[in-house]
Amino acid sequence: MLDERDRIIIDMLTKDARTPFTEIAKVLGISETAVRKRVKALEEAGVIKQYTVVVDPSKLGYNLVSLTGVDTLPEKIFDVASKLKEFEFVRSVYLTSGDHMIMAEVWAKDGEDLSDIISNRIGKIEGVTKVCPAIILEKLK
């Protein structure tokens with residue numbers, strides 16, 4: 001079970017995975033060694049799965065980001081999701097219970113690129129029945 005100190009560690013590392021353990025230790029009022037042990041325990045328990053970098057897509061030439069709903073034939077959902085994961089322009093893939101069977105975060109250079117991705121790449125995967133992109137206008141959080 002996670003305690004308040006574990007939650008603070010997780011919160012600090014979520015905001016900045018490069019936060020020094022010495023800084024976390026000061027906030028918690030415990031030793032750096034204690035922080036290291038807690039982080040190691042959180043990693044071993046699978047609470048912390050990985051450390052990652054958040055990238056600004058526009059700085060890499062991707063000026064459109066779309067949350068794209070993908071519907072499939074029921075028997076093809078896992079095949080389609082697997083194929084989506086292979087595309088470089090697909091940054092994340094989720095199976096969902098909402099309006100669409102699959103949601104994918106798609107990075108595109110511009111509208112023409114997104115149209116090509118939807119029509120000629122995603123839309124041509126065997127089993128895909130519908131592709132519904134929603135362009136992100138602004139990320140608020």
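Being a predicted model, the structure only gives us computed values, none of them experimental.

**Side note on the environment of Val-70**
Phase 1 of the analysis: Mapped onto the elements, Val-70 comes out in strand 1 (residues 64-72).
Phase 2 of the analysis: Setting aside its immediate chain neighbours within four residues, Val-70 contacts Val-80, Leu-84, His-100, Met-101, Ile-102, Ile-122, Val-128 and Lys-130.

**Quick word on the UniProt feature "domain: HTH asnC-type" (unreviewed entry) in the protein chain**
Phase 1 of the analysis: Feature annotation in UniProt places "domain: HTH asnC-type" (unreviewed entry) on residues 2-63, given in this structure's numbering.
Phase 2 of the analysis: A distance of 39 Å separates the end C-alpha atoms of residues 2-63, which is 53% helix and 0% strand.

**Regarding helix 5 (residues 111-122)**
Phase 1 of the analysis: If you check which residues of helix 5 are buried, you get Leu-114, Ile-117, Ile-118 and Ile-122. The buried residues of helix 5 occupy an angular sector of 90 degrees when the element is viewed end-on, so they sit on one face.
Phase 2 of the analysis: Among the residues of helix 5, the N-terminal cap falls to Asp-110, whose side-chain oxygen and the backbone nitrogen of Glu-112 are separated by 3.2 Å.

**Quick notes on the packing of aromatic side chains**
Phase 1 of the analysis: Taken as a whole and assessed by the stated rule, the structure comprises two aromatic pairs.
Phase 2 of the analysis: Taking the centre distance of 5.6 Å and the plane angle of 50 degrees together, the rings of Tyr-62 and Trp-107 count as tilted. Linking Tyr-62 in the loop between helix 3 (32-44) and strand 1 with Trp-107 in strand 3 (residues 102-108), this pair joins segments that are 45 residues apart in sequence. Exposure class is identical for Tyr-62 and Trp-107. Each is buried.
Phase 3 of the analysis: Centre to centre, the rings of Phe-87 and Phe-89 are 4.7 Å apart; their planes meet at 15 degrees, and the pair counts as stacked. In terms of burial, Phe-87 and Phe-89 fall into one category: buried.
Phase 4 of the analysis: Across from the ring centre of Trp-107, 4.1 Å away, lies the NZ or CZ of Arg-91, which sits over that ring.

**Re the pairing of strand 2 (residues 90-95)**
Phase 1 of the analysis: The sheet contact formed by strand 2 and strand 3 spans five bridges and is antiparallel. Note on strand 3: the bridge partner recorded for Ser-92 is Glu-105.
Phase 2 of the analysis: Counting the residues in the hairpin turn of strand 2 and strand 3 gives six residues.

**Focus on helix 2 (residues 21-28)**
Phase 1 of the analysis: Of the residues making up helix 2, those classed as buried are Phe-21, Ile-24, Ala-25 and Leu-28. The buried side chains of helix 2 occupy one side of the element, clustering within an arc of 100 degrees when seen end-on. Structural note: helix 2 exposes Lys-26 and Val-27 on the side pointing more than 90 degrees away from its buried face.
Phase 2 of the analysis: Structurally, helix 2 contributes buried residues whose contacts are with helix 1 (4-15) and helix 3.
Phase 3 of the analysis: Gly-29 sits one or two residues past helix 2 and shows a positive phi near 70 degrees.

About the thresholds
Residues numbered from 1 in each chain as written. Predicted model: local features only at pLDDT ≥ 70, side-chain atom pairs only at ≥ 80, totals over all residues. Heavy atoms only, no water. Helix = DSSP H or I, 4+ residues; strand = E, 2+ residues; numbered from the N terminus. Contact = heavy atoms within 4.5 Å. UniProt positions renumbered as here; feature names shortened; annotations may be inferred. Buried < 20%, exposed > 50% of the residue type's maximum accessible area, 1.4 Å probe, protein only. Arc of directions from axis to C-beta. Polar contact = N/O pair within 3.5 Å; in protein donor to acceptor, adjacent residues only side chain to side chain. Phe/Tyr/Trp six-rings, centres within 6.5 Å; stacked < 30°, edge-to-face > 60°. Lys NZ or Arg CZ within 6 Å of the ring centre and 35° of its normal. Pairing = 2+ DSSP bridges.

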